[in-house]
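The chain contents come next:
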Amino acid sequence: MALTNAQYNKILQVYNERQLKDYRDQQARIRDAYQRIPELERLDDEISTESVLAAEALGHGNREPLKNLREKIRGISLRKKELLKANGLPEDYLELRYECSDCRDTGFMDGKKCHCFRAMQMKLLYQQSNVDQIVKVQNFEHFDLSVFDNITPIPSAGGRTNREYMRGIRDDLINWVRDFDKNHGSMILMGNPGTGKTFLVNCISKAMMDSGYSVIYYTSSDFFESLSRTMAGGDQAREINDAILNCDLLIIDDLGTELGNSFTTSKLFYVINQRMVFKKSVIISTNLTFRRMKDIYGDRIVSRIMADYEILPLYGRDQRLG
């Protein structure tokens, strides 16, 4: 899915409100036109009367009044347009007007999402991702390989320099987003502070949202703070829980920087396990080693991550220090 249930319902609510506004605006124009041109109301009353008579006749098996009604309606419609034009009003003044004339403010065309729905979906995905502003500068288009060392080989990276290694990481992540529908995998980015983990998850976030997927990004502290708010129950709690469990991609950045306790351990296991069961992707970044993660979160969490997540180690010096 590209939207959580809460996000989808939020967009449908917008269309419901648009349709109601369309109707109210039309009724206001009709009242205005009747006041300016009383004959319009008489013509509409004539159509209503003729329609009732035709329906009654049809009920008795007589279809002739229905044929005559169609001709009368065409004639009356032409007369109404003439009256509107003669009084300086557009011919469609009495008709419904839509914000999107293609889907008539329903959000769908031929059973598929209208372009206006897709635009609203993209805007909502960005707003609810928690990274809508930062991804304007932290994305694959701004990925600068020149900041990485291109001299010293890294034995654990197969003897490649950090620049060569990061080029491969970048290309692999671009392909991961492109093939997301096929794989739905999870991954963990591990490395010292300043090696590019947060920049990379932001790159992934933008690429995913630009492809129409729902992404929820949390720093580790915000993630557990949001989970604690769900304990109170209510609509907001359900919406948070729905987003965390059902978004296409959940990102937990800087795992290990939160204040750890039994609550964080149990909730992390619950979320990781639930998303694994329903084949929902997770990306985690952390400065921790697996040994340290085991000390903080226990064997169950670490074993699941090691077994089911793609592990991406990052190397090099802290880029933030220049």
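Note: the structure precedes this text.
## Some points on the overall build of the protein chain
Along the protein chain, the regular secondary structure elements total 12 helices and 7 strands. Compactness check: the protein chain gives a C-alpha radius of gyration of 30 Å against a globular reference of 20 Å for 322 residues, more than 25% above the reference. Counting every position in the protein chain, which comprises 322 residues, the buried fraction comes to 43%. When contacts within the protein chain are restricted to residue pairs at least 6 apart in sequence, long-range pairs at least 24 apart make up 76% of them. Summing over all exposed atoms, the protein chain offers an accessible surface of approximately 17,800 Å²; the carbon and sulfur share of this is 50%. Between the mean site of the 45 positive side-chain charges and the mean site of the 45 negative ones, the protein chain shows a separation of 2 Å.

## Here we look at the packing of helix 4 (residues 115-129) against helix 7 (residues 197-210)
For the pair helix 4 and helix 7, the least separation of the axes is 10 Å and the interaxial angle reads 155°. Comparing the axis directions of helix 4 and helix 7 gives the class roughly antiparallel. Where helix 4 crosses over helix 7, the handedness of that crossing is right-handed. Here helix 4 contributes Met-122, Leu-125, Tyr-126 and Ser-129 to the contact with helix 7, which in turn contributes Lys-206, Met-209 and Asp-210. When the residues that make up the contact of helix 4 with helix 7 are grouped by side-chain class, the tally is 4 nonpolar, 1 polar and 2 charged.

## Describing the pattern of salt bridges
Summed over all chains, the structure comprises 15 salt bridges. The partner of Glu-50 in a salt bridge is Lys-72, and the shortest N-O contact between them spans 3.0 Å. Of the two residues, Glu-50 is situated in helix 2 (residues 38-59) and Lys-72 in helix 3 (residues 64-86); the sequence distance between them amounts to 22 residues. Overall, the relative accessible area of 38% leaves Lys-72 in the partly exposed class. Salt bridges here are not isolated pairs; linked through shared partners, they connect Glu-39, Arg-42, Glu-46, Arg-79 and Glu-82.

## Examining the sheet that holds strand 5 (residues 249-255)
With parallel pairing, 5 strands are arranged side by side in an open sheet as 4-5-6-3-7. Strand pairing shows two members of the sheet lacking a second neighbour, strand 4 (215-219) and strand 7 (309-313), which therefore form its edges. Each neighbouring strand pair of the sheet contributes to a mean axis angle of 15°, computed without reference to strand direction. In this structure, strand 3 (residues 186-190) lies alongside strand 6 (residues 281-286), joined through 4 bridges in parallel fashion. Its bridge partner being in strand 6, Leu-189 is matched across the sheet by Ser-285. Along the sheet, helix 5 (residues 162-178) contacts strand 3, strand 5, strand 6 and strand 7; its crossing angle with strand 7, the most-contacted strand, is approximately 155°.

## Re the environment of Pro-155
Within the element layout of this structure, Pro-155 appears in the loop between helix 4 and helix 5. Residues Pro-155 and Leu-94, spaced 61 residues apart in sequence, show a C-alpha to C-alpha distance of 75 Å.

Scoring rules and cut-offs
- Residues numbered from 1 in each chain as written.
- Predicted model: local features only at pLDDT ≥ 70, side-chain atom pairs only at ≥ 80, totals over all residues.
- Heavy atoms only, no water.
- Helix = DSSP H or I, 4+ residues; strand = E, 2+ residues; numbered from the N terminus.
- Rg over C-alpha atoms; globule rule 2.2 N^0.38 Å.
- Buried < 20%, exposed > 50% of the residue type's maximum accessible area, 1.4 Å probe, protein only.
- Contact = heavy atoms within 4.5 Å.
- Areas by Shrake-Rupley, 256 points an atom, 1.4 Å probe, with all protein chains shown as cover.
- Lys, Arg positive; Asp, Glu negative; His and termini not counted.
- Charge placed at Lys NZ, Arg CZ, Asp CG, Glu CD.
- Axes fitted to C-alpha atoms, helices over the stretch in contact; angles between N-to-C directions.
- Parallel < 35°, antiparallel > 145°, perpendicular 65-115°, else oblique.
- Left-handed = near helix turned anticlockwise from the far one by under 90°.
- Nonpolar A, V, L, I, M, F, W, Y, C, P; charged D, E, K, R; others polar.
- Salt bridge = Lys/Arg side-chain N within 4 Å of Asp/Glu carboxyl O.
- Pairing = 2+ DSSP bridges.

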